[in-house]
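Listed here are the chains, written in short residue letters.
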Amino acid sequence: MAQAPGNMRDMLRALEVFPAGLPGFDTQAAPDNPVTLFLTWLRDAIGAGVLGPHAMTLATADAAGLVSSRVLLCKDVDEDGRWYFASSAGSRKGRELAANPHVALSFYWPAQGRQVRVRGVAAPPGSQASAADFLARSPASRAEALTGRQSEPMHDPAELDEALRRAQAQIAADPGLVAPSWTLYAVSADEAEFWQADQQRRHIRLHYQRTAGTWARRLLWP
Ligand SMILES: Cc1cc2nc3c(=O)[nH]c(=O)nc-3n(C[C@H](O)[C@H](O)[C@H](O)COP(=O)(O)O)c2cc1C
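Report follows, based on the coordinates.

This part covers the pattern of salt bridges. Using the criterion set out here, one finds 15 salt bridges in the structure. As a salt-bridge pair, Arg149 and Glu159 come within 3.5 Å of each other at their nearest N and O atoms. Placement of the pair is Arg149 in the loop between α5 (139–146) and α6 (157–173) and Glu159 in helix α6, with a sequence separation of ten residues. With relative accessibility at 36%, the residue Glu159 sits in the partly exposed group. Notably, a salt bridge pairs Arg166 with Glu162, separated by 3.5 Å at the nearest N-O pair. With a gap of four residues between them, Arg166 and Glu162 both fall in helix α6, about one helical turn apart. By relative accessible area, which is 34% here, Glu162 ends up partly exposed. Through salt bridges that share partners, Lys75, Asp133 and Arg137 make up one connected network.

Take a look at the structure:
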């Protein structure tokens, strides 16, 4: 097999993944509710200055079960175990969610060697919540969302420039304007897993499962 310039295969195998001084994970002392643990880990990542600690991967599947994933920003987490994100309902993910609301989320905080996985069902909590999310965005981000064509093929970048100019003018004329397709989604979790890396590869995994409103915990083999 031909080697890539600089021998990428060897380079990849020589890379370090986990820094020294990783935090421990006392699973016996873990809270009953995974949201509490998630918020502790998120605060740790924010406090440690992780860039984009609220960035998460959202995996969706279409009606035929074909999957796709992308990075989004987590907009909130509530104590009922709902993780929030916002996007355009007309986008690829929006169309997939309309056909199949089952999703998976994952967070990765490299400096802490921590991963969190969440599985659940996504549903929009309502148009008022979507409007509030939209209006809290920066003017540039509102203009982008107002173009309303996320994930469509773009034939000419000049069309985007023109659409952004029109959207900026609309926002200037009507600051309360809300993009009709902008949607806040809430992922109601039925599973959450917390993974703590260990430099000696004795990684720790704690899995939460919600059944009839009650969370149960168990360890998983790494
Ligand atoms: C760090 C980061 C944050 C992002 N946040 C969002 C977001 O909150 N909402 C969104 O619609 N797209 C966001 N994107 C863009 C998405 O990854 C994706 O390109 C877009 O939503 C279209 O996805 P789709 O074609 O699967 O619908 C973000 C990308 C990155 C890298």
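Let us now look at the pairing of strand β7 (residues 182–196). Extensive coverage of β7 is indicated by the burial of 13 of its 15 residues. Sheet topology places strand β4 (residues 82–88) next to β7; seven bridges connect them, and they run antiparallel. For Ser88, the partnering residue across the bridge sits in β7 and is Trp182. Bridge count between strand β6 (residues 114–123) and β7: ten bridges; the pairing is antiparallel. Each residue of the ladder has a partner; that of Gly120, found in β7, is Ala189.

What follows deals with the packing of aromatic side chains. A full pass over the atoms with the stated rule returns eleven aromatic pairs. Consider the rings of Phe18 and Trp195, whose centres lie 5.9 Å apart with planes at 40 degrees: the pair is tilted. You can see Phe18 sitting in the loop between α1 (8–14) and α2 (34–47) and its partner Trp195 sitting in strand β7, a full 177 residues away along the chain. Across this residue pair, the class does not change: Phe18 and Trp195 are buried. Consider the rings of Phe38 and Trp83, whose centres lie 5.2 Å apart with planes at 75 degrees: the pair is edge-to-face. Of the two residues, Phe38 sits in helix α2 while Trp83 sits in strand β4, which places them 45 residues apart along the sequence. As far as burial versus exposure is concerned, Phe38 and Trp83 are alike and both buried. Through successive ring pairs, a cluster of aromatic residues spans Phe25, Trp41, Phe194, Tyr208 and Trp215. Lying over the aromatic face of Trp41, Arg114 brings its terminal NZ or CZ to 4.3 Å of the ring centre.

Relative to the assigned elements, Arg205 resides in strand β8 (residues 204–211). Looking at Arg205, its side chain comes within polar contact range of the side chain of Glu193, at 2.8 Å. From its side chain, Arg205 meets the backbone oxygen of Trp221 in a polar contact 3.0 Å long. Each residue touching Arg205, except ones within four places of it in the same chain, is listed here: Arg117, Glu193, Phe194, Trp195, Arg218, Leu219, Leu220, Trp221 and Pro222.

Here is what the cut-offs are and how they apply
- Residues numbered from 1 in each chain as written.
- Predicted model: local features only at pLDDT ≥ 70, side-chain atom pairs only at ≥ 80, totals over all residues.
- Heavy atoms only, no water.
- Salt bridge = Lys/Arg side-chain N within 4 Å of Asp/Glu carboxyl O.
- Helix = DSSP H or I, 4+ residues; strand = E, 2+ residues; numbered from the N terminus.
- Buried < 20%, exposed > 50% of the residue type's maximum accessible area, 1.4 Å probe, protein only.
- Pairing = 2+ DSSP bridges.
- Phe/Tyr/Trp six-rings, centres within 6.5 Å; stacked < 30°, edge-to-face > 60°.
- Lys NZ or Arg CZ within 6 Å of the ring centre and 35° of its normal.
- Polar contact = N/O pair within 3.5 Å; in protein donor to acceptor, adjacent residues only side chain to side chain.
- Contact = heavy atoms within 4.5 Å.

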